[in-house]
Amino acid sequence: MSNEKGFHMTPEDFRHYGRAVVDWIADYYERIESFPVLSQVQPGQIRGSLPPSPPLHGEAFENILQDMETLILPGVTHWQSPNFFAFFPANASGPAILGELLSAGLGIQGMLWATSPACTELETHVLDWLVDMLDLPSKFKSTGSGGGVIQDSASSASLCALLAARERATDFGSNQHGCDGRLVAYASTQAHSSIEKAVKIAGLGRQNLRLIEVDNRFALRPDALARQIEQDRHAGLIPCFVCATVGTTSSNAIDPLPEIGRICRNAGIWFHVDAAMSGTAALCPEYRYIHAGIGLADSYCFNPHKWMFTNFDCDCFYVADRGSLIKTLSVLPEYLRNKATESGAVIDYRDWHIPLGRRFRSLKLWFVIRYYGIEGLRFHIRRHVELAQDFARWVEESHRFEIAAPAPLNLVCFRHRGGDEINRKLLDRINRSGKLYLTHTTLNDRITLRLCVGQTHTEERHMQRARKTIEEIAAALE
Ligand SMILES: Cc1ncc(COP(=O)(O)O)c(C=O)c1O
């Protein structure tokens, strides 16, 4: 911004339009329930409504903001609607949005401690806070052997864990020579697709990912894991990485961390725990059982951008031994050398993830934690679980529907008793109604509907409306 006449936005205009944008966002939240939750546009419709070429001359900000309304909103699926029950949530909150705005306002790039000490030190501090808030092992703290870092996503975090595992298993040789096709990774058949992607990117080869069978609760079977590891060793392969999931995407299954962790420890295998959505539940002492055995993990990640009221993107990734991660990812060209780095007294987060550059993401997390306080966060997490459990009871008592998997927290997997065809139609009609948004999965080869309660403003009245809509549409289909 500058006071000189030119093309830039002046400070006065920024103030003026900044207020208009904040008002627009506040109004959006006030009327969010008036939109169909799932965008109803056809492919190409949004592009078709945009001018074919960019403007030669700058336009009035009022017009740009007006086009948000007319051109963009129709193509928005309203993730922040309290009637959004699809996938896992990507919830947000006032303090998070304002923290994000400040991060954009400062516009810093925190690749090195020296390029903005506050960016690094606030991040370290808040990630240490979260270790206590979730009651994670103290080895994940920066004051011990490990530490935490904010990544863009759980996918990136799991990839970094796998890369560090690969290097530890080969004495940092794969970084030098590449993989020789003998490294093997393990996860359950229910693990998130990001693990398969990580295996492909890390160069292990898709055929060296073993998807281990699950029990009747969709949790990884440790006996099957142990057998597969043994078999692979016998075949001259090198098991290097196991990913357990706390809260699988399809059904929220919780893998048995103590048994898996012991197998990994005995076999010297890197043990990673992906708790992308469900990790947030551990804010509440009564749900901390989900992390039993986490003390055996080499790395752990969860996404405040899913369930902890912190807008996308924000994944917290922890390692027990930061040395292996840094040695895996560190490259130091001359142009990044500086006194602080050489003193060894600072953290340079560029060595803790894939990109070099990084935003000031910890601001929004800090704002959320301070604004809600631990008790405020717990209150809302408990409320979500309670609402989901009420919904599960409603399904259990219904003659039309059945529960398809245990519902330990805020995800309910259910289906119409009438078979796949009616469930497909039901899902389609529910989502076309615009009243709520659900997604599906398959469990035991059967179409299953998923209802996840995690949107910031979901309340009992939204659940009532969801039940009524589901019931009415199902009745009309029968
Ligand atoms: C268990 C699990 N892991 C990883 C991911 C990937 O998350 P992200 O979008 O942060 O990469 C998801 C997404 O829903 C997930 O459910």
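What counts, and where the lines are drawn
- Residues numbered from 1 in each chain as written.
- Predicted model: local features only at pLDDT ≥ 70, side-chain atom pairs only at ≥ 80, totals over all residues.
- Pairing = 2+ DSSP bridges.
- Helix = DSSP H or I, 4+ residues; strand = E, 2+ residues; numbered from the N terminus.
- Axes fitted to C-alpha atoms, helices over the stretch in contact; angles between N-to-C directions.
- Contact = placed C-beta atoms within 7 Å.
- Domains from an automatic or database assignment.
- Nonpolar A, V, L, I, M, F, W, Y, C, P; charged D, E, K, R; others polar.
- Buried ≥ 20, exposed ≤ 12 C-beta atoms within 10 Å, placed from the backbone.
- Arc of directions from axis to C-beta.
- Left-handed = near helix turned anticlockwise from the far one by under 90°.
- Core = buried A, V, L, I, M, F, W, Y, C linked by C-beta atoms within 7 Å.

Engineer: Looking at this model, I keep getting lost on the sheet that holds strand β11 (residues 446–452). Mind explaining?
Structural biologist: Either a parallel or an antiparallel arrangement is found when strands of a sheet pair, and the pairing is made through backbone hydrogen bonds. Reading across from one edge, β8-β9-β11-β10 is the order of the four strands in this open sheet, with antiparallel pairing throughout. Of all strands in the sheet, those with a lone pairing partner are β8 (401–403) and β10 (439–443), marking the two edges. This sheet shows a mean twist of 40° between the axes of neighbouring strands, independent of strand direction. With four bridges joining them, strand β9 (residues 411–416) and β11 adopt antiparallel strand pairing. Looking at the pairing, valine 412 lines up with leucine 451 of β11. Helix α15 (residues 420–433) contacts β9, β10 and β11 of the sheet and is inclined by roughly 35° relative to β11.

Engineer: Help me out: how do you make sense of the domain arrangement of the protein chain in this one?
Structural biologist: Where the parts come together, the accessible area they lose is often given as the size of the interface. You can read the domains of the protein chain as domain 1 (41–75), domain 2 (108–359) and domain 3 (368–477). Using C-alpha coordinates to define each centre, domain 2 is positioned 30 Å away from domain 3. With 21 residues of domain 2 at the contact, the number on the domain 3 side is 19 residues. For the side of domain 2 that touches domain 3, the secondary structure elements donating two or more residues are α5 (117–133) and α11 (304–307). Considering every element that reaches the side of domain 2 that touches domain 3, the biggest residue donor is α5, with three residues. Taken together, the residues of the side of domain 2 that touches domain 3 sort by class into 12 nonpolar, seven polar and two charged.

Engineer: Sorry, what's going on with helix α12 (residues 322–329) here?
Structural biologist: Working note: α-helix, 3.6 residues per turn, so residues spaced by three or four point in the same direction. Three or more residues of α12 are buried, namely Arg322, Ser324, Leu325 and Thr328. Along the axis of α12, the buried residues cluster in a sector spanning 165°; they form a single face. As for α12, its buried residues are in contact with β1 (147–151), α6 (154–169), α7 (174–177) and β7 (315–319).

Engineer: Quick question: what am I supposed to make of unusual backbone geometry here?
Structural biologist: Most peptide bonds take the trans configuration, and most residues that are not glycine carry a negative phi. The residue after phenylalanine 312, namely aspartate 313, is reached through a cis peptide bond having omega 5°. Checked against the element boundaries, aspartate 313 lands in the loop between α11 and β7. Phi at asparagine 252 is positive, roughly 65°, even though this residue is not glycine. Within the secondary structure, asparagine 252 sits in the loop between β4 (238–245) and α10 (257–267). The exposure class assigned to asparagine 252 is buried, which follows from the 28 C-beta atoms found within 10 Å.

Engineer: How should the packing of helix α4 (residues 94–106) against helix α14 (residues 362–397) be read in this particular structure?
Structural biologist: Helix-helix packing is characterised by the crossing angle of the two axes and by the distance between the axes. As a packed pair, α4 and α14 sit with axes 7 Å apart at the nearest point and diverge in direction by 145°. The hand of the α4/α14 crossing is right-handed. Contacts between α4 and α14 involve Pro95, Ala96, Leu98, Gly99, Glu100, Leu102 and Ser103 on the former and, on the latter, Leu363, Lys364, Trp366, Phe367, Val368 and Tyr371. Looking at the contact of α4 with α14, its residues break down into nine nonpolar, two polar and two charged.

Engineer: What exactly am I supposed to notice about the nonpolar core here?
Structural biologist: Looking at soluble globular proteins, one finds that nonpolar side chains tend to be buried together. Counting 127 residues, the largest nonpolar core has Phe85, Leu162, Ala185, Phe241 and Val242 as the members making the most contacts within it. Among the elements that make up this core, the one with the highest residue count is α14 (13 residues). There are two domains that each give this core at least three residues, and those are domain 2 (108–359) and domain 3 (368–477). Other than its neighbours up to four places away in sequence, alanine 185 contacts Leu162, Val199, Leu204, Asn208, Leu209, Cys240 and Phe241.

Engineer: It is not clear to me how helix α8 (residues 193–201) should be interpreted in this structure. Could you clarify?
Structural biologist: Here α8 has its buried residues at Ser194, Ile195, Ala198 and Val199. For α8, the buried positions fall inside an angular range of 145° around the axis, keeping them on one side. Among the structural elements, α6, β2 (183–188), β3 (209–212) and β4 are those in contact with the buried residues of α8. Of the residues trailing α8, glycine 203 is marked for its positive phi of about 85°.

Engineer: In this structure, what is going on with the sheet that holds strand β5 (residues 270–274)? I would like to understand it.
Structural biologist: One open sheet holds the seven strands; their spatial order is β1-β7-β6-β5-β4-β2-β3, and the pairing between them is mixed. Strands at the two margins of the open sheet, each flanked by one partner only, are β1 and β3. Looking at each pair of strands side by side, their axes are set apart by 20° on average, direction ignored. With four bridges connecting them, strand β6 (residues 299–302) and β7 associate as antiparallel partners. Bridge assignment links serine 299 to a residue of β7, and that residue is valine 319. Contacts from α5 reach β1 and β7 within the one sheet, and its direction differs from that of β1 by about 110°.

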